[in-house]
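Listed below are the residues making up each chain.
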Amino acid sequence: MARTVFVETYGCQMNEADSEMMAGLLRHRGFSVAQSADEADVVLLNTCAVRERAEERIFGRLGWLKSMKAARPGMILGVTGCMAERMRDELVARAPYVDLVVGPDAYRRLPDLIDKARDVDDDPLIDVRLDRNETYQGVQVERAPGVSGWVTVMRGCDKFCTFCIVPFVRGRERSLPPEEVVAEVTAMAAAGFKEVTLLGQTVSSYYERGRDFADLLRAVSTVDGIARIRYTSPYPNDFSDRLLDALASLPKVGAYVHLPVQSGSTRILKDMRRGYTAEGYRALVARLRDRLPGHALSTDIIVGYPGETDADFHETLALVSDLRFDSAFMFAYSERDGTQAARTRPDDVPDAVKGERLQKVIALQESISKEKYAAMIGREVELLLSGRSKKNEACFIGRTSCFKTTVLAPGPYAAGDLVRARVTDATSHTLFAEAI
Ligand code: SF4
């Protein structure tokens, strides 16, 4: 009888995509996918290491699964992903009942590791070898049917921002050949997907034998059946005129850019090794808005980075106030063992100050988002519907080209439909619309 596997995913879209890829790899080796951990022979937690809280949550979950494993001795319990890569033996020391610790570049070996873990009742198996070439080319991905899906087009990151653990747990940058990406997207279109998101830690740094991200966007835009193309996360320094030309000339590419800034202080950006200044980022946003009018813009912000003064923080507030992002992901600095910042800079901003600064920047952004969303009232938009609203079954949920979640008034629609509509109302995170 086929063994069953359940993959529980934590963290970013890259992890979601990796979980689909792991399920595909295991299905290919005769496993079937279980609907819950209770009924699975193998339970894998695909983890995130971006903040300490993310890892503590996993230990909480592992504690819970430990009792399930005690009741089902044959059950295999594994931890995969960034936390596995970062913690290695340390994870096993804290959770000795875990059978497998597998890093993001070792998934091709997962079926064999599971077989081995089943046969030997010894120490947990740890495979965290990073691989400069591994793109999982040719792996059949197990995607749940839907309107939107994703493809990981590049892996790893070479930027080494001082606060970030990603380069240490995901390895060096490498990209999937455009032909492989186009074949994957073509298969997704044939399976009914209407929207594809191209994934990478710094997706705009995509490069494969002379072809860059602009080339990739042009190639993916030729796939029939795909109505919308999205990408995340780009890196500010990659926005060349070549890329802006591509974004301006490819109508399938959504009118939305997520452009992480992290801080509004050039002094802090230098210390973070972000590779640009606050002035340079502001100039990029001006160029982007000039070349791509009507595009929505979101960002990432960290407050409380080591050494951040009140003056630095006020530069962040000023940048947020001046650039008026549509939305932002905002976090307090979380020291990560293994990063350059953790090794060389004391985490000297008190938690209370981090908390205050976080509340202030969130409140500011919330008021801007509210104004930005309200300014959409009366505007005409094109919605890609993803399904029915959970809050009101008669209504549909969709997204505009500029990535705004929209509730569409009842009508004869279906998931996957592209509907022209007029915005009738808004909150700071949702639009409401009627078809026209
Ligand atoms: S660009 Fe910087 S923040 Fe982004 S994944 Fe790479 S190292 Fe981390």
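Rules behind the numbers
Residues numbered from 1 in each chain as written. Predicted model: local features only at pLDDT ≥ 70, side-chain atom pairs only at ≥ 80, totals over all residues. Heavy atoms only, no water. Near = heavy atom within 4 Å. Nonpolar A, V, L, I, M, F, W, Y, C, P; charged D, E, K, R; others polar. Patch = residues over 30% accessible without salt bridge, like charges linked within 9 Å, V, L, I, M, F, W, Y side chains within 5 Å. Areas by Shrake-Rupley, 256 points an atom, 1.4 Å probe, with all protein chains shown as cover. Salt bridge = Lys/Arg side-chain N within 4 Å of Asp/Glu carboxyl O. Lys, Arg positive; Asp, Glu negative; His and termini not counted. Charge placed at Lys NZ, Arg CZ, Asp CG, Glu CD. Helix = DSSP H or I, 4+ residues; strand = E, 2+ residues; numbered from the N terminus. Pairing = 2+ DSSP bridges. Contact = heavy atoms within 4.5 Å. Axes fitted to C-alpha atoms, helices over the stretch in contact; angles between N-to-C directions. Core = buried A, V, L, I, M, F, W, Y, C linked by side-chain atoms within 4.5 Å. Buried < 20%, exposed > 50% of the residue type's maximum accessible area, 1.4 Å probe, protein only. Domains from an automatic or database assignment. Expected span 1.5 Å × (residues − 1). Right-handed = clockwise from strand over helix to strand, strands pointing away. Arc of directions from axis to C-beta. Polar contact = N/O pair within 3.5 Å; in protein donor to acceptor, adjacent residues only side chain to side chain. Disulfide = S-S within 2.5 Å. Buried area = accessible area lost by both parts, 1.4 Å probe. Phe/Tyr/Trp six-rings, centres within 6.5 Å; stacked < 30°, edge-to-face > 60°. Lys NZ or Arg CZ within 6 Å of the ring centre and 35° of its normal.

> Help me understand the site of the ligand in this model?
Around the ligand lies a shell formed by Cys157, Lys159, Phe160, Cys161, Phe163, Cys164, Val166, Pro167, Thr202, Tyr235 and Arg274. For the shell around the ligand, a count of residues per class yields eight nonpolar, one polar and two charged.

> Quick question: what am I supposed to make of a negative patch on the surface here?
A contiguous patch of negative charge, built from Glu52, Asp89, Glu90 and Asp337, is present on the exposed surface. Residue position: Glu90 is located in helix α4 (residues 89-94).

> How should I be thinking about the sheet that holds strand β5 (residues 100-102) in this particular structure?
Sheet strands line up and pair through hydrogen bonds in the backbone, either parallel or antiparallel. With respect to topology, six strands assemble into an open sheet ordered β2-β1-β3-β4-β5-β6, the strand pairing being parallel. Looking along the sheet, the strands with just one partner apiece sit at the ends: β2 (32-33) and β6 (125-127). Relative to β6, β5 runs parallel, the two sharing three bridges. Residue pairing for β6: Leu100 is matched across the bridge by Leu125. The strands touched by helix α1 (residues 13-28) within the sheet are β1 (4-9), β2, β3 (42-47) and β4 (76-81), with β3 carrying the most contacts at an inclination of about 155°. On the sheet, helix α2 (residues 52-71) packs against β1, β3 and β4 and is oriented at approximately 175° with respect to β3.

> What should I look at first to understand the sheet that holds strand β20 (residues 418-426) in this one?
Around the barrel, five strands lie side by side as β17-β18-β19-β21-β20; this closed barrel has mixed pairing. Shown here is a sheet whose adjacent strand axes are inclined to one another by a mean of 50°, direction ignored. As paired strands, strand β17 (residues 380-388) and strand β18 (residues 396-399) are joined by four bridges and run antiparallel to one another. Paired with Gly387 across the two strands is Ile397, which belongs to β18.

> Teacher, can you tell me more about the nonpolar core here?
The nonpolar side chains of a soluble globular protein tend to be buried with one another. Counting 65 residues, the largest nonpolar core has Leu198 and Phe239 as the members making the most contacts within it. Looking at which domains feed residues into this core, each of domain 2 (143-254) and domain 3 (257-375) gives three or more. Apart from the residues lying within four places of it in its own chain, the contact partners of Phe239 are Tyr231, Pro234, Leu244, Leu247, Val257, Leu259, Leu284, Arg287 and Leu288. Grouped together as the second largest cluster of nonpolar side chains are 25 residues, Phe6, Ala40, Phe59 and Val128 included.

> Quick question: what am I supposed to make of the pattern of salt bridges here?
Note on pairing: side chains with opposite charge can pair once their charged atoms come close. The full count for this structure, using the stated rule, is 38 salt bridges. The shortest N-O distance in the salt bridge between Asp322 and Arg282 comes to 2.9 Å. With Asp322 in helix α12 (residues 310-323) and Arg282 in helix α11 (residues 278-291), the pair connects residues that are 40 residues apart, well separated along the chain. Since its relative accessible area comes to 28%, Arg282 is described here as partly exposed. Ionic pairing is found between Arg420 and Glu380, a salt bridge with its closest N-O pair at 2.9 Å. Taken together, the positions of Arg420 in strand β20 and Glu380 in strand β17 put the pair 40 residues apart, joining distant regions of the chain.

> Would you explain helix α14 (residues 351-374) in this entry?
Side chains of residues three or four places apart in an α-helix project in the same direction, reflecting 3.6 residues per turn. When the terminal C-alpha atoms of α14 are compared, their 34 Å separation across 24 residues agrees well with the 34 Å that a helix rising 1.5 Å per residue should span. When α14 is considered as a whole, its buried residues turn out to be Lys354, Arg357, Leu358, Val361, Gln365, Ile368, Ser369 and Tyr373. Packed against the buried residues of α14 are β15 (296-303), α12, β16 (327-332), β20 and β21 (431-435).

> Looking at this structure, how should I read the pairing of β1?
The side chains of a regular strand alternate between both faces of the sheet. Most of β1 is tucked away, with five of its six residues classed as buried. Across two bridges, β1 lies against β2 in parallel orientation. The residue of β2 that forms the bridge with Val5 is Val33. A crossover connection joins β1 to the parallel β2 through α1; in handedness this β-α-β unit is right-handed.

> What exactly am I supposed to notice about helix α8 (residues 213-220) here?
Those residues of α8 that fall on the buried side of the exposure criterion are Phe213, Ala214, Leu216, Leu217 and Val220. Viewed end-on, α8 has its buried residues packed into an arc of 160°, placing them on one side of the element. The N-cap of α8, judged by a side-chain oxygen 3.2 Å from the amide nitrogen of Ala214 a few residues on, is Asp212.

> Is there a simple way to think about the state of the cysteines in this case?
Note on terminology: a disulfide is the covalent bond linking the sulfur atoms of two cysteines. Going through the model one piece at a time under the given rule, you end up with zero disulfides. Here Cys48 is not cross-linked by a disulfide; its sulfur's nearest cysteine counterpart is in Cys82, at 6.5 Å. Cys402 provides the cysteine sulfur closest to Cys395, a residue in no disulfide bond, and the two sulfurs are 20 Å apart.

> Teacher, can you tell me more about the domain arrangement of the protein here?
Where interface size is quoted, it is often the accessible area lost as the parts come together. When its domains are assigned, the protein resolves into domain 1 (4-127), domain 2 (143-254), domain 3 (257-375) and domain 4 (380-435). The gap between the C-alpha centroids of domain 2 and domain 4 is 25 Å. On the domain 4 side, the residues contacting the seven residues of domain 2 number 12 residues. Interface of domain 2 and domain 4: buried area, both sides summed, is about 700 Å²; carbon and sulfur atoms make up 61% of it.

> What is the right way to read the packing of aromatic side chains from this model?
Between two aromatic rings, the relevant description is the distance of the centres plus the angle of the planes. A full pass over the atoms with the stated rule returns eight aromatic pairs. A centroid spacing of 5.5 Å and a plane angle of 70° characterise the contact between Phe213 and Tyr231, whose relative ring orientation is edge-to-face. Placement of Phe213 in helix α8 and of Tyr231 in strand β13 (residues 228-232) is noted, with a sequence separation of 18 residues between them. When sorted by exposure, Phe213 lands in the same class as Tyr231, which is buried. Summarising the aromatic geometry, the rings of Tyr281 and Phe325 are spaced 6.5 Å apart at their centres and angled 50° between planes, so their arrangement reads as tilted. Here Tyr281 is found in helix α11, whereas its partner Phe325 is found in the loop between α12 and β16, with 44 residues between them in sequence. For Tyr281, a relative accessible area of 1% puts it in the buried group. Each member of the aromatic cluster is reached from another via a ring pair, and the members are Tyr276, Tyr281 and Phe325. Taking NZ or CZ as reference, Arg51 lies 3.8 Å from the ring centre of Phe331, over its face.

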